Amino acid sequence: MERRAFFKLAGISAASLAALGALGACDAGIVEDNPLMGALESDDASESLSPAGSPAVSFSAEVDVLIVGSGVAGLSAAIAPVKAGRSVMIVDKLELLGGESYESNGVICVAGSDVQRAAGADRSIDEAWQVVQKKLSEVGVVELALAQRLFEAAPRWVDLLASEYGAQFSDPSIVESDDVKGLILLPKNGLGDMESIMVPLRDGLLDAGAVFHTDYRATAVILSEAAVVRGVRFSVAKGTSTVDVGARRVVVAAGGFSSSQPLVHSYLPDQERIACYTTASMGEGQMLCEAVGGQLEGMDVAAPLTSDIPQAAAWGLFGPTLIVDALGNRFAREDSIDAAANACAADERGYWWTIFDEELVNGGQSRSLAQVTSGNSRRVVGPCNDLAALAAQAGIPSETLEGTFARFDAAIEAGKDEDFGRTSFLQKLNPPYYAIKQMPVRYKTRGGVRTDEDGRVLGSLDAAISGIYCCGASAAIGMAGIAASGASGMLVGEAVAASLEGDDA
Ligand SMILES: Cc1cc2nc3c(=O)[nH]c(=O)nc-3n(C[C@H](O)[C@H](O)[C@H](O)COP(=O)(O)OP(=O)(O)OC[C@H]3O[C@@H](n4cnc5c(N)ncnc54)[C@H](O)[C@@H]3O)c2cc1C
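Attention here is on the structure that accompanies the text. Please read all numbers here as calculations on a predicted model, not as lab measurements.

1. Points about the overall build of the protein
- A count of helical and extended segments in the protein gives 18 helices and 19 strands.
- Taking all 505 residues of the protein together, 55% fall into the buried category.
- Pairs at least 24 residues apart make up 72% of the contacts formed inside the protein by residues separated by at least 6 positions.
- Total accessible area computed for the protein in this model is approximately 20,200 Å², and 50% of it derives from carbon and sulfur atoms.

2. Quick notes on the packing of helix H16 (residues 387-394) against helix H17 (residues 398-414)
- At a closest axis distance of 9 Å, the pairing of H16 and H17 adopts a crossing angle of 130°. By the angle between their axes, H16 is oblique relative to H17. Crossing geometry of H16 relative to H17 is assigned as right-handed. Contact with H16, carried on its side by Leu-387, Ala-388, Leu-390 and Ala-391, involves Ser-398, Leu-401, Glu-402 and Phe-405 of H17 and no other residues of that element.
- Here the residues of the contact of H16 with H17 sort into six nonpolar, one polar and one charged.

3. Description of helix H7 (residues 125-138)
- Taking 1.5 Å per residue as the helical rise, H7 with its 14 residues ought to reach 20 Å, and the 20 Å between its terminal C-alpha atoms agrees with that figure.
- Every buried residue belonging to H7 is among Ala-128, Trp-129, Val-132 and Leu-136, and all of these are buried. Down the axis of H7, the buried side of the element spans an arc of 100°, and every buried residue falls inside it. Structural note: H7 exposes Asp-126, Lys-134 and Glu-138 on the side pointing more than 90 degrees away from its buried face.
- The inward-facing, buried residues of H7 abut strand S4 (108-109) and helix H8 (144-165).
- Positive backbone phi, at 95°, marks Gly-140, one or two positions downstream of H7.

4. Digging into the nonpolar core
- Ranked by size, the top nonpolar core spans 86 residues in total, and within it Leu-205, Phe-234 and Ile-468 carry the most contacts.
- Per-element tally for this core: the top contributor is H8, with eleven residues.

5. Some words on the sheet that holds strand S12 (residues 321-325)
- Pairing is antiparallel in the open sheet, where four strands are placed in the order S12-S13-S15-S14. Of all the strands in the sheet, the pair left with one neighbour each is S12 and strand S14 (380-384). In this sheet, neighbouring strand axes are inclined to one another by 20° on average, regardless of whether the strands run parallel or antiparallel.
- Of the strand pairs in this sheet, S14 and strand S15 (residues 433-438) are connected by three bridges, and their pairing is antiparallel. Looking across to S15, one finds that Val-380 is bridged to Ile-436.
- Relative to S12, H17 is tilted by about 140°, and along the sheet it contacts S12, strand S13 (352-356) and S15.

6. A closer look at the pattern of salt bridges
- On inspection of all chains with the given rule, the structure shows 28 salt bridges.
- Across the salt bridge formed by Glu-164 and Lys-83, the nearest N and O atoms sit 3.3 Å from each other. Taken together, the residues span a long stretch of sequence, with Glu-164 in helix H8 and Lys-83 in helix H4 (residues 72-83) at a distance of 81 residues.
- Of the residues examined, Glu-164 reaches a relative accessible area of 43% and is grouped as partly exposed.
- Here Lys-83 falls in the exposed class, since its relative accessible area comes to 61%.

7. Let's talk about the pairing of strand S8 (residues 229-236)
- Counting buried residues along S8, eight of its eight residues qualify, which places the element largely inside the surrounding structure.
- Summarising the sheet, strand S7 (residues 216-224) and S8 pair through seven bridges and their orientation is antiparallel. The partner of Val-221 across the bridge, within S8, is Val-232.
- Connecting S7 to the antiparallel partner S8 that follows it, the hairpin turn spans four residues, and Ala-227 within it adopts a positive phi of roughly 65°.
- Count of turn residues in the S8/strand S9 (residues 241-252) antiparallel hairpin: four residues, of which Ala-237 carries a positive phi of about 45°.

8. Topic: the pairing of S13
- Counted residue by residue, S13 has five buried out of five residues, so it is predominantly covered.
- Alternating positions in S13 separate into two faces, Trp-352, Thr-354 and Phe-356 on one and Trp-353 and Ile-355 on the other, with burial throughout.
- Across five bridges, the pairing between S12 and S13 is antiparallel. Following the sheet pairing, Asp-325 is matched in S13 by Trp-352.
- Bridge count for S13 against S15 is five bridges, and the pairing is antiparallel. In the strand pairing of S15, Phe-356 is matched with Tyr-434.

Conventions and cut-offs
Residues numbered from 1 in each chain as written. Predicted model: local features only at pLDDT ≥ 70, side-chain atom pairs only at ≥ 80, totals over all residues. Heavy atoms only, no water. Helix = DSSP H or I, 4+ residues; strand = E, 2+ residues; numbered from the N terminus. Buried < 20%, exposed > 50% of the residue type's maximum accessible area, 1.4 Å probe, protein only. Contact = heavy atoms within 4.5 Å. Areas by Shrake-Rupley, 256 points an atom, 1.4 Å probe, with all protein chains shown as cover. Axes fitted to C-alpha atoms, helices over the stretch in contact; angles between N-to-C directions. Parallel < 35°, antiparallel > 145°, perpendicular 65-115°, else oblique. Left-handed = near helix turned anticlockwise from the far one by under 90°. Nonpolar A, V, L, I, M, F, W, Y, C, P; charged D, E, K, R; others polar. Expected span 1.5 Å × (residues − 1). Arc of directions from axis to C-beta. Core = buried A, V, L, I, M, F, W, Y, C linked by side-chain atoms within 4.5 Å. Pairing = 2+ DSSP bridges. Salt bridge = Lys/Arg side-chain N within 4 Å of Asp/Glu carboxyl O.

The following block contains the structure:
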């Protein structure tokens, strides 16, 4: 009864609500300000609910689908339910939407989309999957079935975003690197422009009726007495208050755990002394699902590292670069996003320099070059008219640097990089030279919540836990990237929409 009375009084006066004593953890001040308050009334007063670990639930709103996390996975999970006319709420703990996805470089690993085919950047999905599968196996991902399913769904995800939401991609034919030709797409303005993809998606979802809330951190899943997932408890206003949102389906899309020192300590101890790049990926999705009995898998598969200036790590895919350590020695192939960071951390080299020339500065990623070099001017040296000047400015022993260039030039002559197997942009760098200094950081993880084909969270004996789904980097999808996370969200959204339809039939 209290809850019914409470809902009836919502939004009237903070004092009377406080006097009623039925707010549970809802702070009176928040009740007045909270845009969720008074939105909907639960018609099931007899149901006794408790969030894992604390009592007194009071729903401020009820929706069909509640999505925790507003990265590509969360937004993509909203697409099908919104289209089916369901009420959808997307909630993020940060002040801005988009999570790590929005901050990412935007190198989208996908093959066979209409967007690519139309531009002649054709590579069959099967052939591309062989490449991706090999890479995943090499890094220790063993559960490849889901990764393959997501890789195969990724072109549909790209085409859906382009055709129905107006997401914009750059011309795929600008990718010259042999290894990744037909296997990657970039947003319209190149590296770092996830805005061209995520803003149209967000706006399209808003127009279609989805509701967004920022600064809402999910802290517990709410269960009914029968242990059915009924909603989520949020800590709001920087943790001073609590809001409970009821939902028929909860989708956890809260990202990976690369920024969680305790989880990295537990599962990836070899990487715990490496810095992390964001605060989005604290493993809260994994912990929320674990709290309701969900299993975690693949958490100890080594997480790939990148540069602390992430876009610079991708430059080698788009133009000639040479990577050297503090002493001027080459130590990793340049046409790979992760190679330098992984090798730098593994060999404890501390930091590295990416050396580049005017071809990269004026090439297809000139926007990224300008943005990154101006934002990190104290880490950039050049223009330098010769190697001696470059070595002096970078504090590298001149003789070693010259030796490295000589060996690299010999590899170019031979047409083969015996040292690191680089295949793209195996060409001479010409003065004036530039270089940018970087260090390795943790930025994504591969393990997460074990799910079934539909993204339902799996508990003990692999039984699906009713009402809760997980997608994107929170789930054990193996692929750990934008395309896999987006495709995973899209598929989970479709499964959620179908299951609601099933309930209502
Ligand atoms: C700098 C950088 C560059 C990258 N570049 C690339 C790239 O070029 N290509 C590529 O494929 N991948 C890249 N990645 C990885 C890629 O961004 C992620 O794999 C992908 O974005 C994951 O998407 P997601 O939606 O699952 O998670 P996210 O985008 O991280 O979204 C999760 C959201 O959940 C929110 N959240 C977390 N906990 C809670 C909670 N308790 N309550 C409410 N909200 C919560 C977070 O704030 C976040 O907004 C990059 C990552 C980084 C950090």
